[in-house]
Amino acid sequence: MVHFQVDAARMEGGLLVMTTPPSLVRFRHRWLRRTQASASCTLEFDHPLWPQVHVHRGLLDVSYEGLSFLTQPGEDLMYPGLRLPVMEVALDGCAPVRLRAEVRNISSTPHGRRCGVSVRPLDAEGARAWRALVEAQAHPTTKVEGDWNDATWKLFERSGYFRLPGKEPEKFTSLRDQFSRAQDKLQEAPLLGYRVVRPAEDGMEATLSVLKPYAGSWMAHQLARHQPPGSRSTAREALRDIYLRGYEPTQADPEVKWFFAYCEANVRWVRYTKFDFATWYADTGQTCLVPFRLMEGEVDSLWTKPANITLGAPTQEERASFFARVAGTRPEAYREALDLVPERFDLEATRTGWGDAGLSRERELVVARHEGRAVAFAVFESAQPGLNLFNVLDGVRLVPLEEDARPQVQDAFVALLAQAAEWYRARDRKVFVHYVEATCVEYAERVSLADLGDGKLWVMSARLLPEFLEHLCESTTPRVA
């Protein structure tokens with residue numbers, strides 16, 4: 001439904017003529033997309049008020065939080081507000097899933113009376129089983145569970161993923177065991193992240209990983225695709241399928257607020273899906289695109305810290321100055337999505353959740369002072385080795401309090417990067433990345449960082465996800481010759 005304001009209108013030749021409205025607002029009634037259920041998907045339950053009434057029906061559609069079926073009012077005795085303590089949903093090849101349910105609406109269709117129901121799993125095991133059942137219906141061409149480590153690695157090799165700017169395939173060989181261990185841990189913690197694959201006859205056609213590295217933010221990363229010879233699907237179909245499977249499950253996360261990705265700046269697919277969409281909504285504050293240059297440092301580099309700069313933990317006053325500076329120079333979407341705000345900066349909840357899953361996550365703020373006065377800050381972050389092969393979560397952000405072209409700020413940046421090398425070396429890392437967002441980059445030349453190319457940080461509010469998924473489907477619809 002689209003709403004717009006009209007101040008005046010008139011009829012001309014049978015047409016309604018009005019001035020162009022300044023804006024159009026589209027309203028949606030459903031947060032979660034529903035998909036048609038297969039004929040073998042059924043539900044059954046005993047009526048909570050009349051136990052002698054046993055309902056057994058085929059499903060019309062399912063979503064992560066609901067389902068519908070055709071009901072016979074005189075037999076099933078359904079009405080809005082009726083709560084069902086236990087409902088069993090079954091699908092051929094799967095064990096029945098037990099759910100709590102509530103009838104939300106009953107409506108007329110050409111085929112009979114439709115009963116819409118909201119559902120909630122009884123426990124964590126049931127939640128995982130229900131998610132698997134829904135995804136088997138909604139995403140039949142993709143998979144999340146299973147041992148796909150070897151197939152993923154081979155896809156990375158075939159697709160050219162290991163030949164992205166500034167990298168050579170040989171440099172990734174030593175990361176293979178870390179990668180496999182990290183993926184195995186995520187298999188047991190799908191609420192923190194998962195890998196989507198689109199199988200093919202010779203292994204795998206496409207993959208995308210999704211991770212929750214901040215309190216309410218999900219990151220899409222490690223996208224790779226290689227179309228096997230003789231494949232009946234198109235590249236657009238493969239990309240659409242893994243993106244839908246990657247993003248849709250996050251809607252069931254009650255904490256979800258933001259989505260983000262570190263994107264190469266000049267990839268056509270990313271430009272007409274993510275970048276175009278972010279541009280359309282930029283003036284609402286619900287999206288942003290922040291350009292950066294990705295550089296990489298080796299922890300064994302011997303960088304000399306300038307003698308006029310001292311480093312340390314920030315005082316409360318300096319910490320406040322850091323947040324004020326970030327608030328004054330970065331979009332709200334950027335700050336909120338990356339937890340660069342006082343109440344979540346230390347990643348306390350995130351570190352606890354990751355730690356419970358056997359995954360590491362850290363962040364530290366370091367201040368650089370010139371003649372006793374704070375001139376710049378660095379944010380050091382680390383994540384479980386192997387989660388991202390380009391180390392995008394082992395990254396350093398530099399935030400100046402003054403114009404970054406000033407000599408003391410450039411010296412401070414050099415000192416902070418030298419400190420970063422020590423920080424990551426103490427955590428047994430070989431390299432770290434730095435997101436260059438400064439206007440003056442002399443400091444990067446002084447420490448000889450490796451240039452990995454231009455990128456853009458893409459951020460989108462979770463409120464826009466239905467629109468984004470619709471845009472994704474439209475963008476990937478196969479073209480008619």
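This one's a predicted model, so the numbers in the text were calculated from it and none came from an experiment. (Residues numbered from 1 in each chain as written. Predicted model: local features only at pLDDT ≥ 70, side-chain atom pairs only at ≥ 80, totals over all residues. Heavy atoms only, no water.)

Student: Would you mind showing me how to read the state of the cysteines here?
Tutor: The bond known as a disulfide is covalent and runs between the sulfur atoms of two cysteines. Following the criterion strictly, the structure yields zero disulfides and no others. Not engaged in a disulfide, the cysteine cysteine 115 finds its nearest cysteine sulfur in cysteine 41; these two sulfurs lie 15 Å apart. For cysteine 115, a relative accessible area of 0% puts it in the buried group. (Disulfide = S-S within 2.5 Å. Buried < 20%, exposed > 50% of the residue type's maximum accessible area, 1.4 Å probe, protein only.)

Student: It is not clear to me how the sheet that holds strand E18 (residues 361–370) should be interpreted in this structure. Could you clarify?
Tutor: Sheet strands associate in pairs through backbone hydrogen bonding, adopting either a parallel or an antiparallel arrangement. Ordered by their spatial adjacency, eleven strands build an open sheet running E12-E13-E14-E15-E22-E16-E21-E20-E19-E18-E17, and the pairing between neighbours is mixed. Edge positions in the sheet fall to strand E12 (193–200) and strand E17 (309–312), since each of these pairs with one other strand and no more. The mean angle between the axes of side-by-side strands here comes to 25 degrees, regardless of whether they run parallel or antiparallel. With six bridges joining them, strand E16 (residues 287–298) and strand E21 (residues 431–436) adopt antiparallel strand pairing. Residue methionine 295 lies in a different strand from E21, and its bridge partner there is histidine 434. (Pairing = 2+ DSSP bridges. Helix = DSSP H or I, 4+ residues; strand = E, 2+ residues; numbered from the N terminus. Axes fitted to C-alpha atoms, helices over the stretch in contact; angles between N-to-C directions.)

Student: So what exactly am I meant to see when it comes to the nonpolar core here?
Tutor: Grouped burial of nonpolar side chains is what soluble globular proteins tend to show. Counting residues in hydrophobic clusters, the biggest one holds 56 residues, and the most contacted among them are Phe260, Tyr262, Phe322, Leu338, Leu389, Leu457 and Val459. If we ignore the near neighbours within four places in the chain, the residues touching valine 459 are Trp258, Phe259, Phe260, Gln286, Thr287, Cys288, Ala333 and Ala337. Judged by nonpolar contacts, the second largest core, of 32 residues, contains Tyr194, Met460, Ala462 and Leu472. (Core = buried A, V, L, I, M, F, W, Y, C linked by side-chain atoms within 4.5 Å. Contact = heavy atoms within 4.5 Å.)

Student: Help me understand the environment of lysine 305, please; the structure alone is not making it clear to me.
Tutor: Note on placement: lysine 305 falls in the loop between E16 and E17. Lysine 305 gets classed as partly exposed once you look at its relative accessible area, which sits at 30%. Sequence spacing of lysine 305 and leucine 417 is 112 residues, and the spatial spacing of their C-alpha atoms is 8.8 Å. Residues within four places of lysine 305 in sequence aside, it is in contact with Leu311, Ala415, Ala418, Gln419 and Glu422. A polar atom in the side chain of lysine 305 sits 3.5 Å from the side chain of glutamate 422. (Polar contact = N/O pair within 3.5 Å; in protein donor to acceptor, adjacent residues only side chain to side chain.)

Student: How should I be thinking about the side chain of aspartate 339 in this particular structure?
Tutor: Mapping aspartate 339 onto the fold places it in the loop between helix H8 (332–337) and helix H9 (348–356). What makes aspartate 339 buried here is its relative accessible area of 1%. With residues up to four places along the chain from it excluded, the contact list for aspartate 339 reads Tyr214, Ala215, Arg344, Phe345, Leu347 and Arg363.

Student: Whenever I open this one, the pattern of salt bridges confuses me. Can you help?
Tutor: Two side chains of opposite charge can pair, provided their charged atoms sit close to one another. Inspection of the entire model under this criterion finds 32 salt bridges. Its salt-bridge partner being aspartate 76, residue arginine 57 comes within 2.9 Å of it at the nearest N-O pair. Taken together, the positions of arginine 57 in strand E7 (residues 54–63) and aspartate 76 in helix H1 (residues 73–76) put the pair 19 residues apart, joining distant regions of the chain. The exposure classification of arginine 57 matches that of aspartate 76, with both residues buried. We note a salt bridge from aspartate 346 to arginine 319, for which the minimum N-O separation is 3.3 Å. Of this pair, aspartate 346 sits in the loop between H8 and H9 while arginine 319 sits in helix H7 (residues 316–329); the two residues are 27 residues apart in sequence, bridging distant segments of the chain. A residue is classified by how much of its surface remains accessible, and aspartate 346, at 39% relative accessible area, is partly exposed. Put simply, Arg198, Glu205, Arg240 and Asp241 are held in one network by salt bridges that share partners. (Salt bridge = Lys/Arg side-chain N within 4 Å of Asp/Glu carboxyl O.)

These figures come from the coordinates and say nothing about function on their own.
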